[in-house]
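Residue strings, one per chain:
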Amino acid sequence: MADNQRNSGSTTAVKNNNNDGTNQLTEDLGTVVHATDPAAYVRSLPAPIRRRLKALKRLQSDMSSVEAKFFEELHQLECKYETLYNPFYVKRFKIVSAEVEPDDNECQWPSEDEGDSLEDDFKKKASIDKSPDSECEEMEEEIDMKGIPEFWLRIFKNVEILADLIEENDEPILKHLVDIRVRLLNYGAPGFVLEFVFEPNEYFTNTLLTKEYTMNLGPDPEDVLSYEGPEIVKCKGCSIDWKDGRNVTVKRVQKTQRRKGQDTRRTVVKTVRTHSFFNFFSPPQVQEGEVLDDETEDILSADYEIGHFLRDRVVPKAVLYYTGEALDSDESEEYDEEGEEVIIDHTQESGCGGGDTEEGSEQEPSQ
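Residues numbered from 1 in each chain as written. Predicted model: local features only at pLDDT ≥ 70, side-chain atom pairs only at ≥ 80, totals over all residues. Heavy atoms only, no water.

## With respect to a nonpolar patch on the surface
Then comes step 1: Residues Phe 70, Leu 74, Leu 77, Tyr 81, Leu 84, Tyr 85 and Phe 88 make up a contiguous nonpolar surface patch of about 730 Å² in total accessible area.
Then comes step 2: Locating Phe 88 in the fold gives a position in helix 3 (residues 47–96). (Patch = residues over 30% accessible without salt bridge, like charges linked within 9 Å, V, L, I, M, F, W, Y side chains within 5 Å. Areas by Shrake-Rupley, 256 points an atom, 1.4 Å probe, with all protein chains shown as cover. Salt bridge = Lys/Arg side-chain N within 4 Å of Asp/Glu carboxyl O. Helix = DSSP H or I, 4+ residues; strand = E, 2+ residues; numbered from the N terminus.)

## Some details on a negative patch on the surface
Then comes step 1: Negative charge collects at one region of the surface, where Glu 290, Asp 293, Asp 294, Glu 295, Glu 297 and Asp 298 lie side by side.
Then comes step 2: On the secondary structure map, Asp 293 appears in the loop between strand 6 (265–273) and helix 9 (294–314).
Then comes step 3: With relative accessibility at 44%, the residue Asp 293 sits in the partly exposed group. (Lys, Arg positive; Asp, Glu negative; His and termini not counted. Charge placed at Lys NZ, Arg CZ, Asp CG, Glu CD. Buried < 20%, exposed > 50% of the residue type's maximum accessible area, 1.4 Å probe, protein only.)

## A look at helix 3
Then comes step 1: Where helix 3 bends most, at Thr 83, the angle is about 40°, and the proline Pro 87 comes one to four residues later.
Then comes step 2: The complete set of buried residues in helix 3 reads Ser 64, Ala 68, Phe 71, His 75, Cys 79, Glu 82, Arg 92 and Val 96.
Then comes step 3: Next to the buried residues of helix 3 lie helix 6 (151–158), strand 1 (177–185), strand 2 (191–198) and helix 10 (318–323).
Then comes step 4: Ala 98 lies just past helix 3 and shows a positive phi near 70°. (Bend = angle between axes of the 7 residues up to and from the residue. Contact = heavy atoms within 4.5 Å.)

## As for the confidence of the model for the protein chain
Then comes step 1: The predicted model of the protein chain averages 79 in pLDDT, with 71% of residues at 70 or higher.
Then comes step 2: Across residues 342–367 the pLDDT falls below 50, and counting only partners more than four positions away or on other chains, this stretch makes eight contacts in the model. (pLDDT = per-residue confidence, 0-100.)

## Examining the environment of Val 319
Then comes step 1: Position of Val 319 relative to the elements: it lies in helix 10.
Then comes step 2: A sequence separation of 168 residues divides Val 319 from Phe 151, and the C-alpha atoms of the two residues are 8.7 Å apart.

## Things to note about the sheet that holds strand 2
Then comes step 1: Strand order in this open sheet of four strands is 1-2-3-4, and the pairing throughout is antiparallel. Each end of this open sheet is capped by a strand with a single partner; those strands are strand 1 and strand 4 (231–236). Here the average twist between neighbouring strands, direction ignored, is 20°.
Then comes step 2: Pairing between strand 2 and strand 3 (residues 208–216): seven bridges, direction antiparallel. Bridge pairing in strand 3 places Val 197 opposite Leu 208. (Pairing = 2+ DSSP bridges. Axes fitted to C-alpha atoms, helices over the stretch in contact; angles between N-to-C directions.)

Here you go:
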């Protein structure tokens, strides 16, 4: 009987061990599911905790209302300071378009890469009798150059999100772009207008092209918890009065058609839309409550991003995008580490090296 009791105890111990293993496996699987599906984890929580989470969501909703009030007052403050910024933008326009020439005091700014000063240029010009005629003419052209030619076109080419919009046929037109301004809307629905100023040109009669963006400063009443600040909700462009044969947003396509049931053909010419920066001024028009297809949603999403970027970065800091200094800043903001750490050398573990170090992708060749 003692043997039977020992065997029974052993069997019970084995069963308990098996149960412990099963429970551990179940817990591990549950942890994996919860890690990949937070909603499943929340549903698995005890009712009192789920009740407290609802209270936290209620607090989050109330915070969103306060945040929306902050952005409303911020927009009013931006409108107030717009009048203080405008004189600087006007002065910038006048320098770029050669309406004024900055004096020596206004040109005082440290620089490491600049070439000879204007004074040195005049000294070189004074000694043109020692230079070949072609070099003399080139020197005169450089000194006689007015303003900053193609200022905005150069900025567009430097900024990737804008450069992607420009086609070859757009460049001759954008050389006539002399200013971009931002006008904040402080009446009715809040928003802003981008104003593109052109000098008279052979492509269209407009001297001003506009793009208006309407913003929603507060949260969506049906989805308060997703609120992340003001967002653009719609935009509208303007009509461009193209001169005959100069519209770069369309192209003429010749097609051959065959009549059904007959062996006769005819050639037709159709006008179709083509890629151009100037399509920016004719975005898709969406009715309120309309469900968007994927293509339209992608177009508008990219449009809103470009509008924000022009307003918040390019227009306020145009000179830094012209020189490329702002591009370095943007790239550093976008850079982020990702992936797992991988040990590429164990020499540090043997006491041969110092503390933590970072390496780039380039390595010196071994000698």
